[in-house]
Amino acid sequence: MSDDTKTTPTSSASAMWGGRFAAGPSAVMEAINASIDIDQRMAEEDIAGSLAHAEMLAATGVISSADAAEIKRGLTQVREEIRAGDFPWSAALEDVHMNVESRLKDIIGEPAGRLHTARSRNDQVATDFRLWLRAACDRIDVRLEAYQRALVEQAEKHVDQVMPGFTHLQTAQPVSLAHHLLSYVELAQRDRGRFADARKRLNESPLGCAALAGTAFPIDRDMTAKALGFDRPMANSLDGVAARDFALEVMAAAAICAVNLSRFAEEIVLWCTRRFGFATLSDAWSTGSSIMPQKRNPDAAELVRAKPGRIIGSLTGLLVVVKGLPLAYSKDLQEDKAPAFQAVDDLELALAAMAGMAGDLTFYGDAMEEAAGEAYSDATDLADFVVRELGKPFRDAHHISGSIVRLAEAAGVPLAQLPLETMQSVEPGLDERIYSVLSARASMQSRTSFGGTSPVRVREQVEAWKARLSA
């Protein structure tokens, strides 16, 4: 028998499982079975759940108040050791639950064995995971708000700054820079809504579902749910231990949020190029080249742009793990936490970076305004003038404007420099008033509909967001 298949009859894992097994697992089995390197991140949640469980067991008479007091004392010491970095983690004990319980036994002896009454690792891990993700949703919300604040602060400074708006990455119509920035505030608010919705749905307690069928002990699941901040206990014990859609929902929200961040990150990359020349990042958010001394690279934005790949990968990985699993618990579900932790870590880092860059950007107004007037971006304003002042149907006005643009292109001049006589050769009803609408700034200022890019409307939105974020 090779070393990697030898059994270890005296292993701690075998002792924790009880009398069913005469011999311990092989070394390979121990390695594939252990999750402690991953799930020790839930130690705080595990101890919180155990404290609530012990208090409930004492309140319902399942264990004595003396045993509950010892358990509380021991768990408090375990938590202090973990926080101090002095806890003796052991892969042989498989996971965070067994590590905590084993150390508790070292500290308080026999009462430690009563803690696991009326629960299973199945409902225990589901509870821990929900608690961890709930806290993650709260942290992400704080980071999203910080990102929004940075965008709104920039927007307030640039309400009157005109820039080109794009479709197909081609210059389309002039817009306010603040209007552009506020669009990402709106996106972030929907991201916050998705995490809030996910948090609301996951905030039910599996504790007390036990292995899969509930327990014969007279426990009070409402008591533990309330103690842990859950809205209610889960109504079906099978669902309580088997469900992982709560994790999938948080990760889906993370994937969408990362994609939204990456769109702004891409614009930062473009804006900081010499070809655009719209903005720059300070040294705090830029890097150089090992060979080209002139380079200034927006690497933080590029890395945020890459994060959706990792986060979507984490979501896809867990979707594949859960797909087709029968009820209730299968060991496959041990593979749920690593991708969820990774997705949350990646998103929190991306959000911190985006908030930093959003506040750091320096904009070049002259370059933006010059670009906003290129490519006949005021052609729609010409068409609108024909509709408004000459009473033409928009489709006819569109044709008239397009014909005039073609003449301006042939002459190599912007619309504002095309002679009136030339315009009148296409539409005789045009007069000198047409020049009042033919500029990027006039175009931006004219869009006064609700949600439009006129500085009047944008300033209202800035004030509305400032009030909303300070509430």
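Note that the structure is a prediction, hence the values are computed from the model and not measured.

**Concerning the overall build of the chain**
Argument step 1. Counting secondary structure elements, the chain contains 19 helices and six strands.
Argument step 2. Against the compact-globule benchmark of 23 Å for 471 residues, the chain has a radius of gyration of 31 Å, which places it well outside the compact range.
Argument step 3. Projected onto its principal axes, the C-alpha coordinates of the chain cover approximately 100 × 55 × 40 Å.
Argument step 4. With 471 residues in all, the chain has 47% of them scored as buried.
Argument step 5. Here the contacts in the chain between residues at least 6 apart in sequence split such that 72% fall between residues at least 24 apart.
Argument step 6. For the chain, the accessible surface area stands at approximately 22,200 Å², while carbon and sulfur atoms represent 53% of it.
Argument step 7. In the chain, 50 side chains carry a positive charge and 65 a negative one; their mean positions are 2 Å apart.

**Concerning helix α16 (residues 394-411)**
One full turn of an α-helix is made of 3.6 residues, so residues set three or four places apart face in the same direction.
Argument step 1. If you check α16, its first and last C-alpha atoms are 25 Å apart, about what 18 residues at 1.5 Å a residue would give, namely 26 Å.
Argument step 2. Of all the residues in α16, the buried ones are A397, I400, S401, S403, I404, V405 and A408.
Argument step 3. In this structure, the buried side of α16 is in contact with α15 (379-390) and α17 (420-424).
Argument step 4. Two residues or fewer after α16 comes G412, characterised by a positive phi angle close to 75°.

**Comments concerning the pairing of strand β1 (residues 162-167)**
Argument step 1. In this structure, β1 lies alongside strand β2 (residues 170-176), joined through six bridges in antiparallel fashion. Along β2, the bridge assignment pairs G165 with Q173.
Argument step 2. In sequence, β1 turns back onto β2 through a hairpin of two residues, with H168 there showing a positive phi of about 60°.

**A few points about the packing of helix α7 (residues 121-157) against helix α19 (residues 455-470)**
Argument step 1. Where α7 meets α19, the axes come as close as 10 Å, and the angle between the chain directions of the two elements is 150°. In terms of orientation, α7 and α19 fall into the roughly antiparallel class. Considering only the axes of α7 and α19, their crossing is left-handed. For the pair formed by α7 and α19, the contact residues are E145, Q148, R149, V152, A155 and E156 on the first element and V462, E463, W465, K466, L469 and S470 on the second.
Argument step 2. Tallied by class, the residues present in the contact of α7 with α19 amount to five nonpolar, two polar and five charged.

**Regarding the pattern of salt bridges**
Argument step 1. Applying the stated criterion to the full structure yields 33 salt bridges.
Argument step 2. K337 serves as the salt-bridge partner of D336, at 2.6 Å between the closest nitrogen and oxygen.
Argument step 3. With relative accessibility at 4%, the residue K337 sits in the buried group.
Argument step 4. A salt bridge links D431 to R433, with the nearest nitrogen and oxygen atoms 3.0 Å apart.
Argument step 5. By relative accessible area, which is 26% here, D431 ends up partly exposed.
Argument step 6. Owing to a relative accessible area of 41%, R433 belongs among the partly exposed residues under this scheme.

Calculation criteria
Residues numbered from 1 in each chain as written. Predicted model: local features only at pLDDT ≥ 70, side-chain atom pairs only at ≥ 80, totals over all residues. Heavy atoms only, no water. Helix = DSSP H or I, 4+ residues; strand = E, 2+ residues; numbered from the N terminus. Rg over C-alpha atoms; globule rule 2.2 N^0.38 Å. Buried < 20%, exposed > 50% of the residue type's maximum accessible area, 1.4 Å probe, protein only. Contact = heavy atoms within 4.5 Å. Areas by Shrake-Rupley, 256 points an atom, 1.4 Å probe, with all protein chains shown as cover. Lys, Arg positive; Asp, Glu negative; His and termini not counted. Charge placed at Lys NZ, Arg CZ, Asp CG, Glu CD. Expected span 1.5 Å × (residues − 1). Pairing = 2+ DSSP bridges. Axes fitted to C-alpha atoms, helices over the stretch in contact; angles between N-to-C directions. Parallel < 35°, antiparallel > 145°, perpendicular 65-115°, else oblique. Left-handed = near helix turned anticlockwise from the far one by under 90°. Nonpolar A, V, L, I, M, F, W, Y, C, P; charged D, E, K, R; others polar. Salt bridge = Lys/Arg side-chain N within 4 Å of Asp/Glu carboxyl O.

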